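# Architecture and fold: a report
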Amino acid sequence: MREIIIANWKENPKTAKEAIRLAGETNRRVKNLKNAEVVIAPPHPFLPLVKNRLSNLELGAQDVFLAAPKGRASPSRTGRETICIGEASPRQLKSLGVKYVIIGHSERRALGETDEIINKKAKETLKIGLKVVLCVGEPLSVRRKGRVAAGRFVKNQIRRDLKSISKIKNLLIAYEPIWAIGTGRADKPEDAVEMARFIKESLVISHKSKVRVLYGGSVNSKNARAFLSPKEIDGALVGKKSLKASDFQKIVQSAI
Ligand code: PGA
């Protein structure tokens, strides 16, 4: 099966001009896609500009609308959809050609995003027919207690984030141990494989469905092959090393 490799640009690059250039260069370099589906997830304002430059690659969004937490001022209602000022709804993203939506990234969770909000976002996004990349992962304090504790943490996160979601056909899980994100200190491939297997087994039990699991956290051109080769890991979520097209090209080539 094809690996899925997602470039998570986060809040980069600084200008629209640079985004257009990076999208164009990435699209030009990343050509052989027989074994990999490659997704570019730029900041929201750059989505249409980046889409214009992509002929081989898919478009992703880094997040989707924020439902107002219970008890707060209710968000405006447009038809059946609940949207908040300054946010982008699943339908709006879909209309821009977005295919994948990242939800629950640890940097959003660090801003106070709860499992309840993530659950709501995932539900609405799946309903519109987009693919959801649900990010999960344990902090260092949990990992220090051992792999069993980390597994329990991740399983509970998934259970809460997928509450009352029964159809997970369009769902992917990105396992991103928080301590490995942006630190240059990736997980050991064998530990990531074990976690990916554990996540898959848990979802087969709870949802009777197979799910694809990506690894994220300091993936680079040197370690990519070790993460992408095992059958348990179906792709990668790449942050920093997706910002230079030549680095990202090497990562994608590791899947080929
Ligand atoms: P990184 O980011 O590759 O820079 O560690 C990964 C992510 O945050 O998705």
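Before reading on, note that the structure itself is shown above.
Residues numbered from 1 in each chain as written. Predicted model: local features only at pLDDT ≥ 70, side-chain atom pairs only at ≥ 80, totals over all residues. Heavy atoms only, no water.

## Observations regarding the packing of helix H1 (residues 16-29) against helix H10 (residues 245-253)
Operational definition: Only the stretch in contact is used when fitting a helix axis, every axis being a line fitted to C-alpha atoms; angles between N-to-C directions are given from 0 to 180 degrees. Helix numbering and strand numbering both begin at the N terminus, where a helix is a DSSP run of H or I of at least 4 residues and a strand a DSSP run of E of at least 2. Helix crossings are classified by the rotation of the near helix relative to the far one: an anticlockwise turn of less than a right angle makes the crossing left-handed, while a clockwise turn makes it right-handed. Contacts are assigned to residue pairs with any non-hydrogen atoms lying within 4.5 Å of each other. Residue polarity follows a fixed list, in which Ala, Val, Leu, Ile, Met, Phe, Trp, Tyr, Cys and Pro are nonpolar, Asp, Glu, Lys and Arg are charged, and the others, Gly among them, are polar.
Remark: H1 packs on H10, axes separated minimally by 9 Å, with the N-to-C direction vectors making an angle of 35°. H10 is crossed by H1, and the crossing has right-handed handedness. Within the contact between the two elements, H1 uses Leu22, Glu25, Thr26 and Arg29 and H10 uses Ala245, Ser246, Phe248 and Gln249. Looking at the contact of H1 with H10, its residues break down into 3 nonpolar, 3 polar and 2 charged.

## Focus: the site of the ligand
Stated formally: Proximity criterion: a residue is near a molecule or strand once any of its heavy atoms comes within 4 Å of it. Pairs of N or O atoms are called polar contacts if they sit within 3.5 Å, as long as, within protein, a hydrogen donor faces a hydrogen acceptor (for residues adjacent in sequence, only side-chain-to-side-chain pairs). Accessible surface area values rest on a Shrake-Rupley calculation with a 1.4 Å probe, where residue burial reflects the displayed protein chains alone.
For the ligand, the set of nearby residues contains 13 residues, the closest of which are Lys10, His105, Glu176, Gly182 and Ser218. Lysine 10 places a polar side-chain atom, nitrogen or oxygen, 2.8 Å from an oxygen atom of the ligand. For the ligand, an oxygen atom lies 2.7 Å from a polar atom in the side chain of glutamate 176. Calculation on the ligand without its partners gives an accessible area of 280 Å², and the protein chains cover 97% of this total.

## A short note on the pattern of salt bridges
Rules: Only one rule defines a salt bridge in this text: a Lys or Arg side-chain nitrogen within 4 Å of an Asp or Glu carboxyl oxygen. Throughout this description, buried means an accessible area under 20% of the type-specific maximum (1.4 Å probe, protein chains only), exposed means over 50%, and partly exposed covers the range between.
Throughout the structure, instances matching the rule amount to 23 salt bridges. Notably, a salt bridge pairs aspartate 187 with arginine 143, separated by 2.9 Å at the nearest N-O pair. Note that aspartate 187 is positioned in the loop between strand E8 (171-175) and helix H8 (189-207) and arginine 143 in helix H6 (residues 140-143), a separation of 44 residues in sequence. The class for arginine 143 is buried, based on a relative accessible area of 15%. A salt bridge links arginine 147 to glutamate 194, with the shortest nitrogen-to-oxygen separation between them at 2.7 Å. With arginine 147 in helix H7 (residues 147-161) and glutamate 194 in helix H8, the pair connects residues that are 47 residues apart, well separated along the chain. Using a relative accessible area of 41% as the deciding quantity, one classes arginine 147 as partly exposed. Each of the salt bridges in this network shares a partner with another, and the network as a whole consists of Glu138, Arg143, Arg147, Asp187, Asp191 and Glu194.

## A few points about the sheet that holds strand E3 (residues 58-61)
Sheet strands pair by backbone hydrogen bonding; their relative direction is either parallel or antiparallel. Under the convention used in this document: Here the rule is simple: two strands pair whenever DSSP picks up at least two bridges between them.
Taken in spatial order, the 8 strands of this closed barrel run E1-E2-E3-E6-E7-E8-E9-E10, and their pairing is parallel. For this sheet, the mean inter-axis angle between neighbouring strands, taken without regard to orientation, is 25°. Summarising the sheet, strand E1 (residues 3-8) and strand E10 (residues 235-238) pair through 4 bridges and their orientation is parallel. The partner of isoleucine 5 across the bridge, within E10, is alanine 236. Contacting strand E6 (98-103), strand E7 (131-136) and E8, helix H5 (residues 115-128) crosses the sheet at an angle of about 170° to E6.

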